[in-house]
Amino acid sequence: MSIGHTLLGLLEAGPRHGYDLKRAFDEKFGHDRPLAYGQVYSTMSRLLKNGLVEVDGIESGGGPDRKRYAITDAGITDVETWLSQPEKPDPYLHSTLYTKVVLALLTGRRADELLDTQRAEHLRLMRVLTTRKRKGDLADQLVCDHALFHLEADLRWLELTAARLGRLAEEVRR
Amino acid sequence: MTAAPAGSLLAATGLRKAYGSTDALDGAEFSIHAGEVVAVMGPSGSGKSTLLHCLAGIVPPDSGSIVYAGRELTSMNDGERSELRRTEFGFVFQFGQLVPELTCVENVALPLRLTGVKRKEAERTALHWMEQLQVEDLGAKRPGEISGGQGQRVAVARALVTGPRVIFADEPTGALDSLNGELVMQLLTEAARSANAAVVLVTHETRVAAYSDREIVVRDGRSRDMERIV
């Protein structure tokens, strides 16, 4: 995720202090990974240097950074461009799981066990996410659903690969 | 054959069932505790539906043991098994299988009426479960007048109305879109857990299985408890 663009987007609603920005980010997008303060301030410095934000005011009092930031016209254009560009889909062509399956077959290990172990691990995470989704708000549900659909795709691949292990073994040992 | 886990409400060991020369079950094992939701997964034709039918006393296995609440199912006669299905078990199928001529509340009350409960009392209990499944407003409608998702929730209410100790759900979301499927699963598992009923959930969808506490995979008639994988 582009932290810079996300913080810029949050600034479009109105000027904010660095601390407010971090809080808004964590609340909306942080989930399991809250932003570090250092990351917020270093990002804001970069945006400031590039003319995408400006300092709207400085509060008196203690604290390392009491600056209030506002987005500039150039910043709004930057957000607009970012939002209008499609994200590059991940081609998923470099799979660690695939590598492990092939190596297990090449070295005479139990690839079916490997697939079952992975399946159990995936389902464990899916249960955790489903519980979180059940107890969460709509934002939580959407974030968890995104993860659940990806895990489901992995599981379908695991099932399909398990069904084709015999043929794959013949091919990799050729 | 391994012994059933201690304290299980329903447990099967060494189940074998053949249809002609085809082995549908080949030594399958299963166990479930009260209030637990167990997903039974596996490819098409793996034997998962046969396992459910054996566990529910619908189809007798060729060999093996099925113990429900300390009683051996395979030793019961047809009448005893029917009685068990009527009073202790609840069923949800892929297509609700509601009676089209009856209203929704009559459908939900039907299992109680079959055990001799008076109409008024049966419909009062039915309405309680329809509220749990958020379909209480559909009581006067007939199955043909409601959506598939609503029908499936009515079917879940019907499965719960007798206070069963085990609910057998065979692809309960198979005919629904994602959103309705999720709602059915959420309400089914919440209602079952609050009633301390166990749920045997046959599904091929992993997102549906994720509503369970544990998963059994059936392949070529043999079962594997995924929780026992380290």
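In what follows, the structure referred to is the one given above.
Residues numbered from 1 in each chain as written. Chains lettered and ligands numbered in written order. Predicted model: local features only at pLDDT ≥ 70, side-chain atom pairs only at ≥ 80, totals over all residues.

Peer 1: Give me the lowdown on the overall build of chain A, citing residues and values where you can.
Peer 2: Each helix and strand counted, chain A has eight helices and three strands in total. Secondary structure of chain A in N-to-C order comes out as α-β-α-α-β-β-α-α-α-α-α. The C-alpha atoms of chain A give a radius of gyration of 23 Å, which is well past the 16 Å a tight globule of 174 residues would have. For chain A, with 174 residues in total, the buried portion stands at 20%. Taking the intrachain contacts of chain A between residues at least 6 apart in sequence as the baseline, contacts between residues at least 24 apart amount to 50%. (Helix = DSSP H or I, 4+ residues; strand = E, 2+ residues; numbered from the N terminus. Rg over C-alpha atoms; globule rule 2.2 N^0.38 Å. Buried ≥ 20, exposed ≤ 12 C-beta atoms within 10 Å, placed from the backbone. Contact = placed C-beta atoms within 7 Å.)

Peer 1: Tell me what's going on with the overall build of chain B, and back it up with residues and numbers.
Peer 2: Helix and strand counts for chain B stand at seven helices and ten strands. Taking 2.2 N^0.38 as the reference for a compact globule, 230 residues should give roughly 17 Å; the C-alpha atoms of chain B span a radius of gyration of 17 Å, in line with that estimate. Oriented by its inertia axes, the alpha-carbon framework of chain B measures out at about 50 × 40 × 35 Å. Considering chain B as a whole, with its 230 residues, one finds that 48% of them fall into the buried category.

Peer 1: Describe the packing of helix H2 (residues 18-30) of chain A against helix H3 (residues 37-49) of chain A, with residues and values.
Peer 2: Residue and element names in this part refer to chain A. Relative to each other, H2 and H3 sit at 115°, their axes nearing to 10 Å. The handedness of the crossing between H2 and H3 comes out as right-handed. The residues of H3 that touch H2, namely those facing Gly-18, Leu-21 and Lys-22, are Tyr-37, Val-40, Tyr-41 and Met-44. In terms of residue class, the contact of H2 with H3 is built from five nonpolar, one polar and one charged. (Axes fitted to C-alpha atoms, helices over the stretch in contact; angles between N-to-C directions. Left-handed = near helix turned anticlockwise from the far one by under 90°. Nonpolar A, V, L, I, M, F, W, Y, C, P; charged D, E, K, R; others polar.)

Peer 1: How would you sum up the sheet that holds strand E6 (residues 89-92) of chain B? Please name residues and give values.
Peer 2: Residues and elements named next belong to chain B. One open sheet accounts for six strands, arranged E6-E7-E8-E3-E9-E10; its pairing is mixed. Each edge of the sheet is formed by a strand with only one pairing partner; in this case those strands are E6 and strand E10 (222-225). Going across the sheet, the axis of each strand differs from the next one's by a mean of 20°, ignoring polarity. Summarising the sheet, strand E7 (residues 166-170) and strand E8 (residues 198-202) pair through five bridges and their orientation is parallel. Note on E8: the bridge partner recorded for Val-166 is Ala-198. Contacting E6 and E7, helix H5 (residues 148-160) runs over the sheet at an angle of about 170° to E6. (Pairing = 2+ DSSP bridges.)

Peer 1: Requested: an account of the sheet that holds strand E3 (residues 67-71) of chain A, with residues and values cited.
Peer 2: Residues and elements named next belong to chain A. One open sheet accounts for three strands, arranged E1-E3-E2; its pairing is antiparallel. Pairing within the sheet leaves two strands with one partner each, and these edge strands are strand E1 (16-17) and strand E2 (53-58). Pairing analysis gives five bridges linking E2 to E3, with the strands arranged antiparallel. For Val-53, the partnering residue across the bridge sits in E3 and is Ile-71.

Peer 1: Run through the interface of chain A and chain B, naming residues and quoting values.
Peer 2: On the chain B side, the residues contacting the 13 residues of chain A number ten residues. Breaking the side of chain A that touches chain B down by element, the ones donating at least two residues are helix H6 (111-135) and helix H7 (138-163) of chain A. Element by element, the count of residues in the side of chain A that touches chain B is highest for H6(A), at nine residues. Residue classes in the side of chain A that touches chain B are distributed as six nonpolar, two polar and five charged.

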